[in-house]
Amino acid sequence: ELKVEQNPLFLSMQEGKNYTIYCNYSTTSDRLYWYRQDPGKSLESLFVLLSNGAVKQEGRLMASLDTKARLSTLHITAAVHDLSATYFCAALDWGNQFYFGTGTSLTVIP
Amino acid sequence: AAGVIQSPRHLIKEKRETATLKCYPIPRHDTVYWYQQGPGQDPQFLISFYEKMQSDKGSIPDRFSAQQFSDYHSELNMSSLELGDSALYFCASSLPGAGDEQYFGPGTRLTVT
């Protein structure tokens, strides 16, 4: 079974600062997804990373994938309060089953 | 753009009762996935369907069953409900070949008392 781990689990950061969330997965997967979830809400797709070296950016968020290291990162630049949410990564195994990471609860402090 | 529709949005049941959750995928999406998310937990995959056939099975209890109908909507049937079944249940749909990106519905919050 594919295992997906995120760290940190909790992240409190000041507005304007930069930080990176890490997502490690245990077995080969060429597809990595990042989602955002606000409390009590659904999961909003942020990024789909489909190949080694893929890098995608949207606003203050940038995601990358290193399939050899089995690592994806979500980098936050100059954080703002609106980014406060829980961020999940998910990897797809060869059976096309999604496995979610434990989630990173991000709080941006003004 | 049309999104995944789930009904009901909230459901309160008593122990040992049954519940049926419905999911209507995005038009032209032929794959449906069900997830259970407990409080403070990550979503756990339950079951998926492709072209009305079960395609994958995760940690779905034997008390639960699901199916996908000819119009591609799906229903998750839950029997002999337990307190531990209280959770958010998400349905997601995808269009194979598009990176298998899954689009999530708003969820059904089930509370078992």
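See the structure printed just above.
Residues numbered from 1 in each chain as written. Chains lettered and ligands numbered in written order. Predicted model: local features only at pLDDT ≥ 70, side-chain atom pairs only at ≥ 80, totals over all residues. Heavy atoms only, no water.

All names here are of chain A. Within the fold, Asn18 resides in the loop between strand E2 (10-14) and strand E3 (19-25). Counting along the chain gives 60 residues from Asn18 to Ala78, while the straight-line C-alpha distance between them is 5.4 Å. With residues up to four places along the chain from it excluded, the contact list for Asn18 reads Met13, His75, Ile76, Thr77 and Ala78. At 2.8 Å, the side chain of Asn18 and the backbone nitrogen of Ala78 are in polar contact. (Helix = DSSP H or I, 4+ residues; strand = E, 2+ residues; numbered from the N terminus. Contact = heavy atoms within 4.5 Å. Polar contact = N/O pair within 3.5 Å; in protein donor to acceptor, adjacent residues only side chain to side chain.)

Residues and elements named next belong to chain B. Scanning all chains against the criterion turns up two disulfides over all chains. What pairs with Cys23 in a disulfide is Cys91, and their sulfur atoms sit 1.7 Å apart. Taking the torsion about the sulfur-sulfur bond, which here is approximately -50°, the covalent link between Cys23 and Cys91 counts as left-handed. In this pair, Cys23 sits in strand E3 (residues 19-24) while Cys91 sits in strand E9 (residues 87-94), placing the two residues 68 residues apart along the sequence. In this pair, the class of Cys23 matches that of Cys91, namely buried. (Disulfide = S-S within 2.5 Å. Buried < 20%, exposed > 50% of the residue type's maximum accessible area, 1.4 Å probe, protein only.)

This part takes up the side chain of Gln68 of chain B. Residue and element names in this part refer to chain B. One can find Gln68 in strand E7 (residues 64-68). One polar contact links the side chain of Gln68 to the main-chain carbonyl oxygen of Tyr72, over a distance of 3.1 Å. Those residues within four positions of Gln68 in sequence are excluded, and the remaining contacts are Asp30, Val32, Phe49, Tyr50, Glu51, Lys52, Met53, His73 and Ser74.

Right, let's talk about the sheet that holds E3 of chain B for a bit. All names here are of chain B. Ordered in space as E1-E3-E8-E7, the four strands form an open sheet in which the pairing is antiparallel. The open sheet has two edge strands with one neighbour each: strand E1 (5-7) and E7. Taken over all neighbouring pairs, the strand axes of this sheet differ in orientation by 15° on average, direction set aside. Where E1 and E3 come together, three bridges link them in antiparallel fashion. Across the sheet, residue Ile5 finds its bridge partner in E3, namely Tyr24. (Pairing = 2+ DSSP bridges. Axes fitted to C-alpha atoms, helices over the stretch in contact; angles between N-to-C directions.)

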